[in-house]
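Spelled out, the chains give:
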Amino acid sequence: MNLTMRRWLPHTVALIALLALLYPLLWLLVTSVKPADEVVTSVNLWPSHFEWSNYSTALDGVSGVSVTRLLGNSLLISLGAVVGNVMSCSLAAYAFARLRFRMRGPMFAFTVATLMLPQHVVLIPQYIIFNKLGMTNTFWPLILPKFLAVDAFFVFLIVQFMRNLPRELEEAARIDGCGPFRSFFHIVLPLSRPALITTAIFSFIWSWNDFFAQMIYLFSPQKATITLALRNFVDQSSTSAYGPMFAMSVISVLPIVLFFFVFQRYLVQGMATSGLKS
Amino acid sequence: MSVSQIDVPKPAGPAADRADARRRARGRREARWPAYVFLTPWMIGAVAVTLVPMAVSLYLSFTSYDMFNAPHWVGLRNYREMLFDDPRYWRSVLTTLKYVVIAVPLKLALALGAALLLKRLRAGRGFYRSAFYAPSLLGASMSIALVFRALFNDGGTVDNVLGTFGIHLGGWVGDPHLATFVVVMLTIWQFGAPMVIFLAGLQQISPELYEAAGLDGAGAWRQFVSITVPMLSPVVFFNLVLEMIQSFQVFTPAFVVSGGNGGPADSTLFYTLYLYERGFTASHMGYASAMAWLMLLAIAAVTAVMFKVSRAWVFYADEAE
């Protein structure tokens, strides 16, 4: 008796916690197919019938801009961030992890320090600069900085990973006349694939979820991302449009959920390693 | 063939040493300039996206600037106004502090609890770990912020559930005393990220320590206090610093719950929300810059204090010997 209790108690607790944790997601799914009059008034979680038209309303989009366009904008920005971060952060990380140069200590310390820098300190001047360059209401302010390795978290993550790769391979390559560029592209980069995948997924999801920067830089409806459109949806419509709004919410989190299911091993691992050996 | 031919002896002596040193010196020389090539994007970014904007923002904080006319030097006026003549500024400071002080410990306690629970589970640990982690990714999205607002709204699920227990609080979102807690709830819901870090930390503690303690007759509680807590303290500290820095900057949920303006009655006027309003709605870029700099100083100060205090309670195993 006592033994079965000990075995089952943790599972019971974990399952109850999981149920509570997933409730908001279940609620989101159900509400996205609820008829308008049941969204606010009904206490039942389950709808009396499924109102699939919520989704067709959501697909029409906001302010005459279709959801396809909104998703496309989000996708473009997120993919830009992925390419930019993977390229620039892996280059910088290789130098910090594997090469020797005079300013390495201070420069790496600077990178670690910017982990603590609130973005608000640089936000206003960045906005002014992009405004002067005529780049507001374009995607450039959201993509360009990613090509300059400014997300210190990723540089840090890849450095941690590269440091743990065996040195022997590069040393052998060097004796064979392989310079740092070739050993970066042919040896270290392929071996760092797990760290690069982690960087890519986090870049994508963070960019996709971003709201603050997108709100500041993008103001025409055609340039809006799905996140911005959702917020405009709230502003425009009364509570009667709850159903379509949450249908659009479901559409907007779908890519994250998808990414999560496919790459959860990397995500969890990436988060875990970020906390160790620091 | 004799044995000596197979394991070729390494060339020894001063000549070989010199050759070796030369090779090493060349290796070092070779590595110098390529490093800066690899770092070119990073260096441009550090200067153009971080250092120069920081300097400009510091300068702007001493000016009055509306984006259209040239900045106009006003000395410490922004700071003086903020600290002495702006009740909304203090409102935003207190709201943010209240949120950080409540949300961070709760989130970390839950994360640690969950990590300890998962460590005990043999079957399904991977599944639970992933499932508990999922909210950490979704929670930052606009969608989930909207869900939480609806759940805590008047007549929403939380209201109904509490109602069946005879507790009638009404909608949290519209209540100045409770609105902040909707943001707190959304934050706590995302305990999966620190949990994963805790779990990794727990797995690094050598099982031999527990075995030895068990042989010495230490019970579960004693083992937790004498082994788990000290061995895990660096990870606790890391999570604490990280979550605190992030919490100071909370924006999306605050924006959604408050309807974008800090309402009701400025009760959810988080620091970042007020900064956004001053800078981008009211076009007081100088004032917003001053706010950003005080935020930076506050975060730096709190972090420094935490590092100081950490010496008393954070235990690094490799320093012990």
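Structure: see above.
Because the structure is a prediction, the values reported are computed rather than measured. All residue numbers refer to position in the chain's written sequence, counted from 1. Just so you know, chain letters begin at A and ligand numbers begin at 1, following the order they were written in. Under the rules for a predicted model, residues below a pLDDT of 70 receive no local features and side-chain atom pairs below 80 are neither given nor counted, while totals for whole chains, interfaces and linings still include all residues. As a convention, hydrogens and water are excluded, and side-chain values are obtained from all of the structure's heavy atoms.

Peer 1: So what's going on with the interface of chain B and chain A? Residues and values would help.
Peer 2: Note on definitions: a residue-residue contact is assigned when non-hydrogen atoms from the two residues lie within 4.5 Å. Across the boundary between the two partners, chain B contributes 86 residues, which contact 86 residues of chain A. Accessible area that two parts lose when put together, evaluated with a 1.4 Å probe and summed over both, is termed the buried area. Both sides together, the interface formed by chain B and chain A hides about 7600 Å², and carbon and sulfur atoms give 79% of it. Whenever a nitrogen or oxygen atom comes within 3.5 Å of another N or O atom, the pair is scored as a polar contact, on the condition that within protein one atom can donate a hydrogen and the other can accept it, and that pairs from neighbouring residues in sequence are kept only if both atoms are in side chains. Inspection of the chain B/chain A interface yields 11 residue pairs in polar contact (both at pLDDT 80 or more). Every helix listed is a DSSP run of H or I at least four residues long, and every strand listed is a run of E at least two residues long, numbered separately from the N terminus. Broken down by element, the residue count for the side of chain B that touches chain A peaks at 14 residues, all from helix 3 (residues 40-60) of chain B. Ten residues, namely Ala, Val, Leu, Ile, Met, Phe, Trp, Tyr, Cys and Pro, are considered nonpolar, four, namely Asp, Glu, Lys and Arg, are considered charged, and the remaining ones, Gly among them, are considered polar. Residue classes in the side of chain B that touches chain A are distributed as 62 nonpolar, 18 polar and 6 charged.

Peer 1: Describe unusual backbone geometry, listing the residues and the values that go with them.
Peer 2: Located in the positive-phi region is A:Asn137, a residue other than glycine, with phi close to 60°. Following the sequence through the fold, A:Asn137 ends up in the loop between helix 6 (120-132) and helix 7 (140-143). On the basis of relative accessible area, A:Asn137 is assigned to the buried category, the value being 18%. Positioned with a positive phi, B:Ser283 is a non-glycine residue whose angle comes to about 55°. The topology assignment puts B:Ser283 in the loop between helix 14 (271-281) and helix 15 (285-313). Relative accessibility decides the category of a residue: with a 1.4 Å probe and only protein chains considered, values under 20% of the type maximum give buried, values over 50% give exposed, and everything between is partly exposed. The class of B:Ser283 is partly exposed, set by a relative accessible area of 24%.

Peer 1: Please set out the packing of aromatic side chains residue by residue, giving values where relevant.
Peer 2: Put simply, two rings from Phe, Tyr or Trp (the six-membered ring, in Trp's case) pair if the centres are within 6.5 Å, and we call them stacked under 30 degrees between planes, edge-to-face over 60, tilted for the rest. For the structure shown, the criterion picks out 51 aromatic pairs over all chains. We count a charge as sitting over a ring when the NZ of a lysine or the CZ of an arginine lies within 6 Å of the ring centre and within 35 degrees of the ring normal. One residue, A:Arg265, lies across the ring of A:Tyr266, its end atom 4.8 Å from the ring centre. The ring of B:Tyr287 carries B:Arg278 above its face, with NZ or CZ at 5.8 Å from the centroid.

Bear in mind that shape data such as this cannot, by itself, settle questions of function.
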